[in-house]
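Residue-level structure breakdown
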Amino acid sequence: MATIEECRSALDKLSDNMQHAEGNVREAAALDRSVSCHITDLDVTFLGRMQGGRIVVRDTVQGPPPDKAEIRLAMTGDDLVALVDGELNFAKAWGSGRVKLNAGVRDLLQLRKLL
């Protein structure tokens, strides 16, 4: 089972990847939205903001997200690490329910380029 530190590191790596993206992926990464990522097996949530082509994690709280972020993710820590490392396909994980993504329709259309 991934630790909180490994999950935070995976989010940092995702943020770095987003900042170096090009084309349509860079356009999707340029969204300015509040973000939460609930790690279900650790029952911890990373709260932050997607801005300037990066994900800036501002806080970590126990339990589910206290507020409704504009982009909400939920998954296990192992799945987060596997997604960022390219070992887990996002579309398949989302389709099977392993990863939950909630956002507005326009944001979902943009995020599919990124994920």
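Here the structure is a predicted model, which is why all the values come from computation and not from measurement.

What follows covers the UniProt feature "domain: SCP2" (unreviewed entry) in the chain. Those places that UniProt annotates as "domain: SCP2" (unreviewed entry) correspond, in this numbering, to residues 30–102. Taken end to end, residues 30–102 is 21% helix and 44% strand, and its first and last C-alpha atoms sit 18 Å apart.

This paragraph deals with the sheet that holds strand β1 (residues 33–39). Spatial ordering of the open sheet is given by β3-β2-β1-β4-β5, a layout of 5 strands whose pairing is mixed. Looking at which strands have only one partner, the edges of the open sheet turn out to be β3 (54–62) and β5 (100–102). When strand polarity is set aside, the average angle formed by the axes of neighbouring strands in this sheet is 20°. Relative to strand β4 (residues 71–75), β1 runs parallel, the two being bridged by 5 bridges. Note on β4: the bridge partner recorded for valine 35 is isoleucine 71.

With that settled, the discussion passes to the nonpolar core. Judged by nonpolar contacts, the single largest core of 28 residues is most densely connected at Phe46 and Leu80. Elements with a contribution of two residues or more to this core: α1 (4–19), β1, β2 (44–51), β3, β4, α3 (77–84) and α4 (90–96). When sequence neighbours within four positions are dropped, the list of residues in contact with leucine 80 reads Cys7, Ala10, Leu11, Ile39 and Met75.

As paired elements, β1 and β2 share 7 bridges and run antiparallel to each other. When the bridges of β2 are listed, isoleucine 39 appears paired with valine 44. Pairing between β2 and β3: 8 bridges, direction antiparallel. Bridging across to β3, valine 44 finds its partner in glutamine 62. Between β2 and β3, which follow one another and run antiparallel, lie 2 residues, and glycine 52 among them has a positive phi close to 60°.

What follows concerns the environment of lysine 92. With respect to the secondary-structure elements, lysine 92 resides in helix α4. Overall, the relative accessible area of 65% leaves lysine 92 in the exposed class. For the pair lysine 92 and leucine 47, spaced 45 residues apart in the sequence, the C-alpha separation amounts to 25 Å.

With that out of the way, let us pick up the pattern of salt bridges. Applying the stated rule across the entire model yields 7 salt bridges. The partner of arginine 54 in a salt bridge is aspartate 16, and the shortest N-O contact between them spans 3.0 Å. One end of the pair, arginine 54, is in strand β3; the other, aspartate 16, is in helix α1, with 38 residues separating them in the sequence. Since its relative accessible area comes to 25%, arginine 54 is described here as partly exposed. Among the ionic pairs, arginine 33 bridges to aspartate 107, the shortest N-O distance being 2.9 Å. Here arginine 33, found in strand β1, pairs with aspartate 107, found in helix α5 (residues 105–114); they are 74 residues apart in sequence, far enough to count as distant. Arginine 33 sits in the partly exposed class, given a relative accessible area of 23%. Relative accessible area serves as the criterion here: at 10%, aspartate 107 is assigned to the buried category. Connected via shared salt-bridge partners are Asp32, Arg49 and Glu70.

Rules of the game
- Residues numbered from 1 in each chain as written.
- Predicted model: local features only at pLDDT ≥ 70, side-chain atom pairs only at ≥ 80, totals over all residues.
- Heavy atoms only, no water.
- UniProt positions renumbered as here; feature names shortened; annotations may be inferred.
- Helix = DSSP H or I, 4+ residues; strand = E, 2+ residues; numbered from the N terminus.
- Pairing = 2+ DSSP bridges.
- Axes fitted to C-alpha atoms, helices over the stretch in contact; angles between N-to-C directions.
- Core = buried A, V, L, I, M, F, W, Y, C linked by side-chain atoms within 4.5 Å.
- Buried < 20%, exposed > 50% of the residue type's maximum accessible area, 1.4 Å probe, protein only.
- Contact = heavy atoms within 4.5 Å.
- Salt bridge = Lys/Arg side-chain N within 4 Å of Asp/Glu carboxyl O.

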